[in-house]
Amino acid sequence: MCRPFLFQVRLLGYGIPVLLTWVAPVNVARAESDTEPVPAYVASTQPDRIGRVMAPVYINDRGPFAFVIDTGASRSAISPRTAVQLGLKPDVERPLSLRGVTGQEVVPSLAVDSLRAGDIELTRQRLPVVTPRIFADADGFLGIDGFAGMCLSVSFTEQRVRIHKGACARATPEWTVVTAKILPNGLVAIRTRIGDRRVRAIVDTGAERSLGNLALVRALGLETEVRDPATATSVYGATPQAVQGNLVAAPRIRVNDLEIASLPVTFGDFEVFHLWNLVDEPAILLGMDVLGTVDGLMIDYRRSEVRILPHNSAKTPRLRIDDLPTRLP
């Protein structure tokens with residue numbers, strides 16, 4: 001029997017950043033040390049907010065700075081505010097191309113000598129400097145370029161995160177262990193079943209909402225639903241472009257013995273699926289609207305596993321259309 005993972009959810013229209021994340025404007029208490037396990041800024045998805053996973057990051061041995069952990073981003077980035085605090089000037093003569101969920105943009109960059117988060121240590125990095133609209137109170141985001149061979153362990157109940165070298169600790173029986181595939185670009189892919197279809201899912205802690213591509217629309221027979229004007233919604237990302245999508249409840253999703261019922265998914269022809277070479281294959285991006293509802297999440301990059309500690313179903317609220325917000329203004 002499948003364990004309930006997420007109860008009935010319906011959402012109003014919203015903006016959806018994927019590779020770069022808008023974070024709820026709240027007061028963040030800075031970590032005072034980088035001892036392991038590191039204190040972090042972790043919040044679960046609740047009726048009045050979308051969850052987030054943040055970690056203390058040290059740049060050029062200064063910090064900590066609060067960075068969103070984004071397992072869907074190929075590299076890290078910082079905000080202009082952080083650059084000012086570091087005394088570094090963005091270089092418009094050495095721009096970087098930024099590709100997000102809705103399109104592309106060229107942004108200035110800056111060079112840093114070192115970037116450290118937990119056991120991740122990167123040297124001589126050139127980071128894109130991204131406009132403040134996607135960061136709110138966060139200082140940047142931590143991409144997956146340093147996660148090879150690492151363990152990312154998140155406890156939403158204890159509001160803590162740990163990033164360390166080597167495999168994650170063996171899971172106890174209450175955890176669900178899902179075999180993953182670490183793609184060449186570093187993305188974490190797992191196999192799910194949506195309705196009667198096997199579908200590849202990307203685990204993206206930097207995305208607020210779950211997205212589906214057009215190949216998934218066809219595989220699930222949802223063409224009529226996505227043509228309904230009532231399902232139309234605008235999708236906004238890290239780049240200035242806005243793309244139209246359609247918000248439709250997906251059939252029941254199963255991940256091993258976990259079950260996601262009536263998850264609202266925004267379907268569309270999004271740039272991110274082109275970037276990930278997932279246009280022709282039915283695919284879904286699982287964002288924090290799903291990932292933030294559990295009690296614990298581990299991504300074992302060495303063993304290629306995702307481990308999920310489900311929330312106590314008896315205590316999980318049933319959410320309505322007007323209950324689940326967006327971080328966006």
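Residues numbered from 1 in each chain as written. Predicted model: local features only at pLDDT ≥ 70, side-chain atom pairs only at ≥ 80, totals over all residues. Heavy atoms only, no water.

Within this structure, the stated rule accounts for 1 disulfide. The partner cysteine of Cys-151 in its disulfide is Cys-168, sulfur to sulfur 2.0 Å. Taking the sign of the S-S torsion, 105° for the link of Cys-151 and Cys-168, the bridge is right-handed. On the criterion of sequence distance, the pair formed by Cys-151 in strand 10 (residues 150–155) and Cys-168 in the loop between strand 11 (160–165) and strand 12 (176–182) is long-range, its members being 17 residues apart. (Disulfide = S-S within 2.5 Å. Helix = DSSP H or I, 4+ residues; strand = E, 2+ residues; numbered from the N terminus.)

Okay, unusual backbone geometry next. Here Gly-63 and Pro-64 are connected by a cis peptide whose omega angle stands at 10°. One non-glycine residue, Asp-61, lies in positive phi territory at about 65°. Secondary-structure assignment places Asp-61 in the loop between strand 3 (52–59) and strand 4 (62–69). On the basis of relative accessible area, Asp-61 is assigned to the exposed category, the value being 62%. The phi dihedral of Ser-304 is positive, around 55°, even though this residue is not glycine. (Buried < 20%, exposed > 50% of the residue type's maximum accessible area, 1.4 Å probe, protein only.)

Another point: the pattern of salt bridges. If charged atoms from side chains of opposite charge come close, those side chains can pair. Under the criterion given, the structure shown has 8 salt bridges. The partner of Arg-303 in a salt bridge is Asp-300, and the shortest N-O contact between them spans 3.3 Å. Arg-303 sits in the partly exposed class, given a relative accessible area of 28%. The shortest N-O distance in the salt bridge between Arg-307 and Glu-305 comes to 2.8 Å. Classification of Glu-305 by relative accessible area gives buried; the value is 16%. (Salt bridge = Lys/Arg side-chain N within 4 Å of Asp/Glu carboxyl O.)

When you line up the elements, Val-188 lands in strand 13 (residues 188–194). Counting along the chain gives 13 residues from Val-188 to Ala-201, while the straight-line C-alpha distance between them is 8.3 Å. Setting aside residues no more than four positions away along its own chain, Val-188 makes contact with Ala-180, Lys-181, Ile-182, Ala-201, Ile-202, Val-203, Ile-299, Tyr-301 and Val-306. (Contact = heavy atoms within 4.5 Å.)

Within the secondary structure, Glu-259 is located in strand 19 (residues 258–260). Overall, the relative accessible area of 17% leaves Glu-259 in the buried class. Separated by 2.5 Å, the side chains of Glu-259 and Arg-252 make a polar contact. (Polar contact = N/O pair within 3.5 Å; in protein donor to acceptor, adjacent residues only side chain to side chain.)

The next thing to look at is the nonpolar core. Counting residues in each nonpolar core, the largest one holds 78 residues, and the members touching the most others are Ile-69, Leu-142, Phe-147, Ile-190, Ile-284 and Val-306. Setting aside residues no more than four positions away along its own chain, Ile-190 makes contact with Val-178, Thr-179, Ala-180, Val-199, Arg-200, Ala-201, Val-203, Val-255, Leu-286 and Val-306. Counting residues in each nonpolar core, the second largest holds 11 residues, with Ala-66, Ala-73, Val-107 and Phe-141 among its members. (Core = buried A, V, L, I, M, F, W, Y, C linked by side-chain atoms within 4.5 Å.)

This part takes up the confidence of the model for the chain. This prediction gives the chain a mean pLDDT of 81; 79% of its residues lie at or above 70. A low-confidence stretch, residues 2–40 stays under pLDDT 50, and its non-local contacts, those more than four residues away or across chains, total 167 contacts. Low confidence marks residues 313–329, where pLDDT is under 50. Its contacts with residues over four positions away, or in another chain, come to 52 contacts. (pLDDT = per-residue confidence, 0-100.)

Attention now goes to the packing of aromatic side chains. Under the defined criterion, the tally for this structure stands at 2 aromatic pairs. Seen from their ring centres, Phe-273 and Trp-276 are 6.4 Å apart, and the 90° between their planes marks the pair as edge-to-face. For Phe-273, a relative accessible area of 2% gives the class buried. The exposure class assigned to Trp-276 is buried, which follows from its relative accessible area of 6%. We note Arg-116 situated over the ring of Tyr-58; from NZ or CZ to the ring centre the distance is 4.7 Å. (Phe/Tyr/Trp six-rings, centres within 6.5 Å; stacked < 30°, edge-to-face > 60°. Lys NZ or Arg CZ within 6 Å of the ring centre and 35° of its normal.)

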